[in-house]
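# Examining the three-dimensional arrangement
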Amino acid sequence: MRYAQRAGRRSLPGRPVRLATAAIVMATVLAACGGGGDDGDGGSEAGGTKAPATIPELSDEPQTLSFVWFEWPPAQALEDFANAEYTKERPNVTIEVNTVPNANWHDAMFTQFAAQQTDFDIAILDSQHIGEAVTNGNILDLTDFVEENIDVDAYDPYLLAAYGQYPQAETGQRDEDASLYGLPLLGDTWTMIYRKDLIGDEPPETWDEMIAAAQKCQDENPGVSGLAFHQANGSDAAAVTYNTVNGVYGGNLWESADKKIEGVINDEAGQKAMDVLVNEMKPLTAKGSGNWFIDEVNAAVAQGKACIAFQWIAAAGGLVDPAQSTLGTTEDEILDKLGFATLPSQDTDFVPLGGMGMHISAYAPDDRQAEALNFMKWFEQEDIQKKWAAAGGVPARTDAIQSPEFLEAGPFNQVYADSVSRMRDMWNVPEYAQLIDIENTNVNAALNGAKSPEDALNDIAEQQQGVLDGGGGGL
Amino acid sequence: MTTTTDRPVQEASPTPPAPGGSPRLSDRGLAVAFISPALLLLLGMSVFPLLWALYLSFTDYSATRATGANFVGFDNYITILTSSEVHTRALTTLVYVVGAVLLQTVLGFSIAYLISRRTRGRGALTTLFLVPMMLSPVVVGLFWKFMLDAQFGVINSMLGSLGFGQVEWLTRQRTALFSLIVVDTWQWTPFIMLIALAGLTAVPSYLYEAASIDRASEWFRFRHITLPMVWPLLLIAVMFRAIEAFRLFDLVYILTSGGPGVSTETLSFHVYKVAFLGFNTGTASAYGILMVLVVIVLAQFYLRYLNKLKEG
């Protein structure tokens, strides 16, 4: 009898299932009716909440001020430096620099921004991320704070603008009426690394001379490739390489006022730059180097496998470390073989702007936002910037850049000092992540024979213009 | 003859609750109590996100933009289905799935067949072959990336010592996709092998004995006894692998980042880019829903074929 009753039942308890399903559907509908928008939270207003002009009262309770950056030597240098120096002023504060792989850097920050809850207080954004973060209201507007607390005349105007201003400044300038959303943390640009023992003490001065020297060096030294540079399709690797050559050959990435890319990046100068990159520079690189980025270029130089290489200055420190190099057993021995120079010029003398700024998360608690403001004010002082330079950082204040502390801290630091006036950045619009991916994949395709240089450049122009025009839903 | 006992006859009516027990905790209640945690977890972690993604797929919602979600009907679906970018990734995914699953099936079944014929060391060999499957795909991707490096990798070093030239495994269009297939095959062939081995050991030995008495050849025994017995099980393994391969992401991310260009970008990798580079959440949701639909529809056809096979 009982068996018969059981056999007649459904295998799952029907009522709870129906109730649960109804609850789920209702929750979905309610959530849907609530919309995906943001309501009420001050931090979510597009344009960003304004930071106070004066620093609010700081807490004396133990605090951990968290940064987010990507994994590379300056991240550890910053954490060590800040914990050693900032704690002299604020003993109750511990600095934590959390890192993610470079390829996840953008996603790690912006997925948390999207959730309107961040486990970091200070985001170290690439200069090109500013537009996306500002438009979505993810970071504080520091304009009033900067005006009150920062000596803006101590900086090259373009450096101050590049790491904080939105809308973006024209190359080489700063718009004093525009808002500032960040302050410089680490300046950077490319340095040319050349083998003095193979091509001579004097670096090539023009891009054409550089290619000729690389060709000659490769021909004379079997097993050593003429060039090593970033070609990978992750992060901004291949795109920065093309943008650099584009700038040197007189090209432009876009017309910012009209948001025009089609017909600009792929104009005659742009096509010439792509041709030089793919048909003159690529044949001088090592076989299989089509996915090289920072680490691989460093490895090639350290192992004596490249005549001339291009690298970010902030990532070049390991090259003079005897423990990581086969070029010598002491730093002096290595420096007898390696030279560091500013990039050769050609039709123009642009160099890529690298580095990052500090930006305060709009979702950090008030006490840590106050602490972050205090940290920024402290960090941007002249003596602290010089100490940061001595600790391996690349400062942004002119007095620190010109100081012996910086210039004598590394053999490539003079390169940075000489390059400041030559810098050019990419776009810092909200669509940056899509634009850079389009450029990376297409330049990488051209470098690896998957597309002709002309097709790649035209595809970049067409696809990037599509993104700026707002079509395609991200496809 | 009848027998009687002093003990009263037990009635068929419902047993009264045990002293001290809750009178409401019936069998049904107990079942609900046990099922509820799992059910709630499933509904909260799978069903709700799926329904939410379904809703978002009909909107232009972006997770980062503070503009809310506007209903756009089937626009996202139309955009995806008509996009040449998606067609390219679909083709790449198809080539990858067919290549990887085919290679894994042939190798997995062959290894299982050879192991099943051994009487000594079968357990140790099986365990040894299963090791790749136990590793994280990210770890597998990373060490294969080093091994396949054109300049410093051990594979090219070995080829060089045999007199072959350097091969650009990860930076050329054809070799990059091939490399992905090889790495996936290295890791997942043991899965097919394990399922096939289970099928092979379950084949009744009297069938082979009967075939031996009839002086059947080795090929005949394989063709008419082994293969038909293992085939249904093998097809289930193939289905699992095909579904897994269809949503490949990790190996692509680590080994090639979809390159050179976009030539090894699979559908899953493309969804990731749409979702997290542009934060086009609505489009990415529609893309994901379409991928789920493709898997469900193809799996249904496949299962029907399997059922027919079983009935036949």
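Residues numbered from 1 in each chain as written. Chains lettered and ligands numbered in written order. Predicted model: local features only at pLDDT ≥ 70, side-chain atom pairs only at ≥ 80, totals over all residues. Heavy atoms only, no water.

Per an unreviewed UniProt entry, chain B goes by Multiple sugar transport system permease protein and derives from Nocardioides alpinus. For the record of chain B, the UniProt heading Sequence similarities (unreviewed entry) holds the text "Belongs to the binding-protein-dependent transport system permease family." (UniProt positions renumbered as here; feature names shortened; annotations may be inferred.)

Under an unreviewed UniProt entry, chain A has the name ABC transporter substrate-binding protein and belongs to Nocardioides alpinus. Under the UniProt heading Sequence similarities (unreviewed entry), the entry covering chain A gives this text: "Belongs to the bacterial solute-binding protein 1 family."

### With respect to the overall build of chain B
Looking only at helices and strands, chain B features 12 helices and zero strands. Overall, chain B shows an N-to-C arrangement of helices and strands of α-α-α-α-α-α-α-α-α-α-α-α. The C-alpha atoms of chain B give 27 Å as radius of gyration, which overshoots the globular expectation for 312 residues (20 Å, by more than 25%). Along the three orthogonal principal directions, the C-alpha set of chain B runs to about 95 × 75 × 40 Å. For chain B, with 312 residues in total, the buried portion stands at 38%. Within chain B, counting contacts between residues at least 6 apart in sequence, those at least 24 apart form 66% of the total. In the form shown here, chain B has an accessible surface area of approximately 18,100 Å², with 68% of it arising from carbon and sulfur atoms. Between the centroid of the 21 positive side chains of chain B and the centroid of its 16 negative side chains there is a distance of 6 Å. (Helix = DSSP H or I, 4+ residues; strand = E, 2+ residues; numbered from the N terminus. Rg over C-alpha atoms; globule rule 2.2 N^0.38 Å. Buried < 20%, exposed > 50% of the residue type's maximum accessible area, 1.4 Å probe, protein only. Contact = heavy atoms within 4.5 Å. Areas by Shrake-Rupley, 256 points an atom, 1.4 Å probe, with all protein chains shown as cover. Lys, Arg positive; Asp, Glu negative; His and termini not counted. Charge placed at Lys NZ, Arg CZ, Asp CG, Glu CD.)

### Here's the deal with helix H20 (residues 453-469) of chain A
All names here are of chain A. Compared with an ideal rise of 1.5 Å per residue, which puts 17 residues at 24 Å, H20 spans 24 Å between its outermost C-alpha atoms and is within 8% of the ideal. Those residues of H20 that fall on the buried side of the exposure criterion are Pro453, Ala456, Leu457, Ile460, Ala461, Gln464, Gln465, Val467 and Leu468. Projection of H20 onto a plane perpendicular to its axis shows the buried side chains occupying an angular sector of 160 degrees, all on one side. Residues of H20 that are exposed and point over 90 degrees away from its buried face: Glu462 and Asp469. In this fold, the buried residues of H20 make contact with helix H10 (237-248), helix H11 (268-281) and helix H19 (432-447). (Expected span 1.5 Å × (residues − 1). Arc of directions from axis to C-beta.)

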